[in-house]
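Close look at the chain arrangement
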Amino acid sequence: MKKTNIIFVFSDQQRWDSLGCYGQKLPVTPNLDRLAAEGVRFENTFTCQPVCGPARAALQVGKWASQTGCFRNDIALPEHERTMANYLSEAGYETGYVGKWHLASTGEKQNYKIKPVPQNLRGGYRDFWIASDVLEFTSHSYDGHMFDEKGDRREFTAGRYRPDFLTDCALEFVNRSHEKPFFLFLSYIEPHHQNDHNCFEGPRGIRERFEQYETPGDLSGTQGDWRESYPDYLSCCWSLDQNVGRLREALEKSGEWDNTLFIYTSDHGCHFRTRNVEYRRSCHDASLRIPLIIHGPGFRGGQVERNLISLLDLTPTVLEAGGVAAAPFMVGRALQSSGSCGSREWRNEVYAEISEDHIGRVIRTGKWKYSIWVPSEKSWTSGSAASGSDKYYEECLYDLESDPHERTNLIREPALINIRSELSELLISHMLNAGEERPLILPAA
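Residues numbered from 1 in each chain as written. Predicted model: local features only at pLDDT ≥ 70, side-chain atom pairs only at ≥ 80, totals over all residues. Heavy atoms only, no water.

**A closer look at the packing of aromatic side chains**
Under the criterion given, the structure shown has 26 aromatic pairs. Ring plane angle 55 degrees and centroid distance 5.8 Å describe the contact between W257 and F262, whose orientation is recorded as tilted. Each member of the pair, W257 as well as F262, is classed as buried. Between the aromatic rings of F272 and Y279, the centroid separation amounts to 6.3 Å while the plane-to-plane angle is 85 degrees, which identifies the pairing as edge-to-face. Neither F272 nor Y279 differs from the other in exposure class; each is buried. Each member of the aromatic cluster is reached from another via a ring pair, and the members are F8, F10, Y97, W101, Y125, W129, F183 and F185. Here the guanidinium or amino end of R41 rests over the ring plane of Y22, the centre of that ring lying 5.0 Å away. Here the basic side chain of K115 rests over the ring of Y112, its NZ or CZ set 5.3 Å away from the ring centre. (Phe/Tyr/Trp six-rings, centres within 6.5 Å; stacked < 30°, edge-to-face > 60°. Buried < 20%, exposed > 50% of the residue type's maximum accessible area, 1.4 Å probe, protein only. Lys NZ or Arg CZ within 6 Å of the ring centre and 35° of its normal.)

Right under this line is the structure:
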């Protein structure tokens, strides 16, 4: 029997609540909503690092960003690290990658931001490659290029919106003749803002459909730039959904849909400059919480999984789907074992590292959010030289049951000192498991 095909669709900076199946009331994501209704929707999924490069490095190899060394943007994934593609290729898979890579460059000494990524820095994706290391440096929403496996430029088709062109490239791989099972990683940059234009760029003529939105609870009454940005942001999400529909249609036409594990998630969320000077890099759910829908063998029936899931659980999930045992060092657990999808007991909290805006660590249970940080006047653009610290200060404590939008920071509440102590020890246990030294945690500065 042929092994399961695997398609991993990765959006960038997408809030979980931009999808209808998570509560979005406008018709932004009909295809993903259908996928959730037929597969498994994971209600409580969180990134392991709310920064693009660190989250991507961690996902590819199954370790914390502090363990890979890619703890901030502009640090290349070390060549010795083995990715999902390496393992699956050895197991007989044809591997392909399309879109944003973000793991080949380190400053000016190893700069592939606007140049083709050499084969040795592609993380083992060796059979099909159309990508740019920093996609927004080689493209905008309606113009630009990527590079194929030979290093030749692939110019965007004139008038083609960026997610549409990336999907065209993905379909080039999906639709070709496959003698082996295949693993495709499709990495969009939407709905991430276009940095050099300082705005979100949705497809032309779509913004008007989403101007009458319901303001998310964490944004309501805040500053930030969501008032002018949110319709364009939702337009980007709508485009991604349309392209998920195109992928599904192609797989159904080829007869491969029922034998394909289809995963949709994002690297981190977006708080629209309400928590710091940019869009993520904070301990709040707007930065950490992401959508996750899986459809295919072992993930069917319209189930809703409410366990606390980490982005790092997807590394062993992909490998298990390909018949590959997860390496002992991998942090996550295959979701085939989670709750209604499996039978083993699951964790009661998720942990994440934070970098660039500040050095931080955070633990989230069903009820509590507790974070620590190293206060600094440095801008995230200067880049921290360290992934962690031996001394932190308490930063935030939220009661998520009474305050789901994280409006009231209880970190200085005297009556909760025992709660803080318990969460501090839980957080430290995760830090120790990640290979860090036991830190000193001081009261909020």
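**Here's the deal with the pairing of strand 1 (residues 5–12)**
Most of strand 1 is tucked away, with eight of its eight residues classed as buried. Taking every second residue as pointing to the same face, both faces of strand 1 are buried, with N5, I7, V9 and S11 on one and I6, F8, F10 and D12 on the other. Strand direction decides the pairing type here: strand 1 and strand 9 (residues 260–266), joined by seven bridges, are parallel. Counted as the bridge partner of F8 is I263 from strand 9. (Helix = DSSP H or I, 4+ residues; strand = E, 2+ residues; numbered from the N terminus. Pairing = 2+ DSSP bridges.)

**A word on the confidence of the model for the protein chain**
Of the residues in the protein chain, 96% have a pLDDT of 70 or more, and the chain-wide mean is 95. Per-residue pLDDT stays below 50 along residues 379–383; that stretch engages in seven contacts with residues further than four places along the chain or on separate chains. (pLDDT = per-residue confidence, 0-100. Contact = heavy atoms within 4.5 Å.)

**Topic: the packing of helix 6 (residues 162–174) against helix 7 (residues 226–254)**
At their nearest, the axes of helix 6 and helix 7 sit 10 Å apart, and the two run at 15 degrees to each other. Accordingly, the angle class assigned to the pair helix 6 and helix 7 is roughly parallel. Helix 7 is crossed by helix 6, and the crossing has right-handed handedness. Where helix 6 approaches helix 7, its residues P163, D164, T167, D168, A170, L171 and V174 are matched on the opposing element by S239, L240, N243, R246, L247, A250 and L251. Across the contact of helix 6 with helix 7, the residue classes tally to eight nonpolar, three polar and three charged. (Axes fitted to C-alpha atoms, helices over the stretch in contact; angles between N-to-C directions. Parallel < 35°, antiparallel > 145°, perpendicular 65-115°, else oblique. Left-handed = near helix turned anticlockwise from the far one by under 90°. Nonpolar A, V, L, I, M, F, W, Y, C, P; charged D, E, K, R; others polar.)

**Comments concerning unusual backbone geometry**
Comment: phi is negative for the bulk of residues other than glycine, and the bulk of peptide bonds are trans. Each neighbour pair has its own omega, and for E190 with P191 the value is 0 degrees, a cis peptide bond. Within the secondary structure, P191 is located in strand 8 (residues 182–191). Phi at H102 takes a positive value of approximately 70 degrees, unusual for a residue other than glycine. Along the chain, H102 turns up in the loop between strand 3 (94–100) and strand 4 (128–132).

**So, the pattern of salt bridges**
Opposite charge on two side chains permits pairing when their charged atoms draw close. Scanning all chains against the criterion turns up 38 salt bridges. Salt-bridge contacts for R160 lead to D164; the nearest nitrogen and oxygen are separated by 3.9 Å. Exposure remark for R160: the relative accessible area of 27% places this residue in the partly exposed category. Across the pair R281 and E356 runs a salt bridge whose closest N-O atoms are separated by 2.5 Å. Of this pair, R281 sits in the loop between strand 9 and helix 8 (285–288) while E356 sits in the loop between strand 13 (349–354) and strand 14 (359–365); the two residues are 75 residues apart in sequence, bridging distant segments of the chain. Classification of R281 by relative accessible area gives buried; the value is 0%. Salt bridges linked by common partners bring D12, R56, K100 and D267 together as one network. (Salt bridge = Lys/Arg side-chain N within 4 Å of Asp/Glu carboxyl O.)

**Observations concerning helix 6**
Over its 13 residues, helix 6 runs 18 Å from end to end, which matches the ideal 18 Å to within 8%, given 1.5 Å per residue. Of all 13 residues making up helix 6, eleven are buried, and the element is well covered by its neighbours. Those residues of helix 6 not exposed but buried are R162, P163, D164, F165, L166, T167, C169, A170, L171, F173 and V174. (Expected span 1.5 Å × (residues − 1).)

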